[in-house]
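Read off the chains here:
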Amino acid sequence: MRLLDVLIAGYGSAGLRRVSASVLPEVPGVRYVVCLQNCDDAVPEILQREDVEIYRYEDSGLSLNRNHAIEKAAAPLALIADDDVDYSAAGLRELINFYASHPRAELVAVRCGGLGNRRYPEAGRVLQPRVRGYYPASVEISFRTEAVRGAGLRFDERFGLGAPEFTSGEDDVFVYKALRVCGLNGVYSGIETGTHRGQSTEQRRPDDKGVLRSRGAVLRMMHGVGGWPRMALYSLRCRGGRMRALREMIYGYRHMPR
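Throughout what follows, the structure given in this document is the object of discussion.

### Here we look at the side chain of Ser189
Item 1. Within the secondary structure, Ser189 sits in strand β8 (residues 186-196).
Item 2. The buried category is assigned to Ser189, whose relative accessible area is 7%.
Item 3. The residues contacting Ser189, other than those within four sequence positions of it, are Phe98, Val108, Ala109, Val110, Ala123 and Gly124.

### Considerations on the pattern of salt bridges
Item 1. Under the counting rule described, the total for this entry stands at 15 salt bridges.
Item 2. For Lys177, the salt bridge is made with Asp156, and the minimal N-O distance between the two is 3.3 Å. Taken as a pair, Lys177 in helix α5 (residues 170-181) and Asp156 in the loop between α4 (145-150) and α5 lie far apart in primary sequence, 21 residues in all.
Item 3. A network of salt bridges, in which partner residues are shared, links Arg2, Asp5, Arg31 and Glu53.

### Comments concerning the pairing of β8
Item 1. Most of β8 is tucked away, with 8 of its 11 residues classed as buried.
Item 2. Looking at chain direction, strand β5 (residues 85-87) and β8 are connected through 3 bridges and run antiparallel. Residue Val85 lies in a different strand from β8, and its bridge partner there is His196.
Item 3. Pairing between strand β6 (residues 107-113) and β8: 6 bridges, direction parallel. When the bridges of β8 are listed, Gly113 appears paired with Thr195.

### Topic: the packing of aromatic side chains
The geometry of an aromatic ring pair is captured by two quantities: the separation of the ring centres and the angle between the planes.
Item 1. By the definition in use, this model includes 7 aromatic pairs.
Item 2. Over the face of the ring belonging to Tyr251 we find Arg213, whose NZ or CZ atom lies 3.7 Å from the ring centre.
Item 3. Here the basic side chain of Arg220 rests over the ring of Tyr253, its NZ or CZ set 5.1 Å away from the ring centre.

### Quick word on the sheet that holds β8
Item 1. Across the sheet, 8 strands lie side by side as β3-β2-β1-β4-β7-β6-β8-β5; this open sheet has mixed pairing. The open sheet has two edge strands, β3 (52-57) and β5, and neither has a second partner. Ignoring which end each strand starts from, the neighbouring axes of this sheet average 30° apart.
Item 2. Two elements, strand β1 (residues 4-11) and strand β2 (residues 30-37), share 8 bridges in a ladder whose sense is parallel. Each bridged residue has a counterpart across the sheet, and for Leu4 the counterpart in β2 is Val30.
Item 3. Packing of helix α1 (residues 12-21) onto the sheet brings it into contact with β1, β2 and β5, and relative to β1 it is tilted by some 140°.
Item 4. Along the sheet, α5 makes contact with β6, β7 (141-144) and β8, crossing β7 at roughly 35°.

### What to know about α1
Item 1. Along α1, the residues that are buried comprise Gly12, Gly15, Leu16, Val19 and Ser20. Here the buried residues of α1 occupy an arc of 140° about the axis, which is enough to place them on one side. Seen from the buried face of α1, the exposed residues on the opposite side, beyond 90 degrees, are Arg17 and Ala21.
Item 2. On its buried face, α1 is in contact with β1 and β2.

### Examining the packing of helix α7 (residues 209-223) against helix α8 (residues 227-237)
Item 1. Two elements in contact, α7 and α8, have axes whose closest approach is 9 Å; the angle formed by their N-to-C orientations is 150°. Put simply, α7 runs roughly antiparallel to α8. α8 is crossed by α7, and the crossing has right-handed handedness. From α7, Leu212, Arg215, Gly216, Leu219 and His223 reach across to α8, where they touch Gly227, Arg230, Met231 and Tyr234.

### Regarding the nonpolar core
Item 1. Core analysis: the largest hydrophobic core is formed by 33 residues, its most contacted members being Leu4, Val6, Ile8, Val30, Tyr32, Tyr87 and Leu92.
Item 2. Elements that contribute at least two residues to this core include exactly β1, α1, β2, β4 (77-82), β5, α3 (89-101), β6 and β8.
Item 3. Counting residues per element, this core draws most heavily on α3, at 5 residues.
Item 4. With near-sequence residues (within four places) excluded, Ile8 lies in contact with Val19, Leu24, Tyr32, Val33, Val34, Cys35, Ala81, Asp82 and Asp83.
Item 5. Counting 27 residues, the second-largest nonpolar core is a separate cluster that includes Tyr57, Leu127, Phe143 and Val175.

Thresholds, definitions, all that
Residues numbered from 1 in each chain as written. Predicted model: local features only at pLDDT ≥ 70, side-chain atom pairs only at ≥ 80, totals over all residues. Heavy atoms only, no water. Helix = DSSP H or I, 4+ residues; strand = E, 2+ residues; numbered from the N terminus. Buried < 20%, exposed > 50% of the residue type's maximum accessible area, 1.4 Å probe, protein only. Contact = heavy atoms within 4.5 Å. Salt bridge = Lys/Arg side-chain N within 4 Å of Asp/Glu carboxyl O. Pairing = 2+ DSSP bridges. Phe/Tyr/Trp six-rings, centres within 6.5 Å; stacked < 30°, edge-to-face > 60°. Lys NZ or Arg CZ within 6 Å of the ring centre and 35° of its normal. Axes fitted to C-alpha atoms, helices over the stretch in contact; angles between N-to-C directions. Arc of directions from axis to C-beta. Parallel < 35°, antiparallel > 145°, perpendicular 65-115°, else oblique. Left-handed = near helix turned anticlockwise from the far one by under 90°. Core = buried A, V, L, I, M, F, W, Y, C linked by side-chain atoms within 4.5 Å.

Right, dumping it as structure tokens:
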């Protein structure tokens, strides 16, 4: 019986190689749905398994690819994934059991190791209203598939890697829309489902123009005029030029996609 789909987004030959190097344990009820953009390479033998499905697309954009994966999800539960995450069989089973014991939960945030020092709430904490200082990464988001589809919820393709201006922040926008716009019931589980081997876009390029613009846009979306002092505070922590950082965030604030 299919219970949980792990939705993996990858790009090009490098993405396929990273998926092949990932730890994808065989767990009853779990399938790995891999959506590859712009990759014609043959599927490595290690991925030729009954619990691995691979779909190919001739387009680009991380958020678009995550939406491909949501469309392909066939299990009642889904976990957003990257191509460089090693998963834990125990963690995936625990996530399935968490949903079974929390029938009202529609979006369940998990914990993914390897993402640096992050602030997490206590396990079982309801996410509505927003938990101050807590922002789950994409690979820490799971949900009931029908709840997301029924709400018409998708990743905003104007945010994330491959987007023209706002090259990060797609996870914050997705969670904000899920909880505040669509009204889904969210909870933090405290379950560690895996370990991220790489770094997030914000970790690799915190002072990148697209990352800073994304931050400004997201702060306006989430806090309105309260985003101004937050941008000022963040700019003070930037190593790549405080005024430049503030200027790019203000640009994102003023040009936030509607």
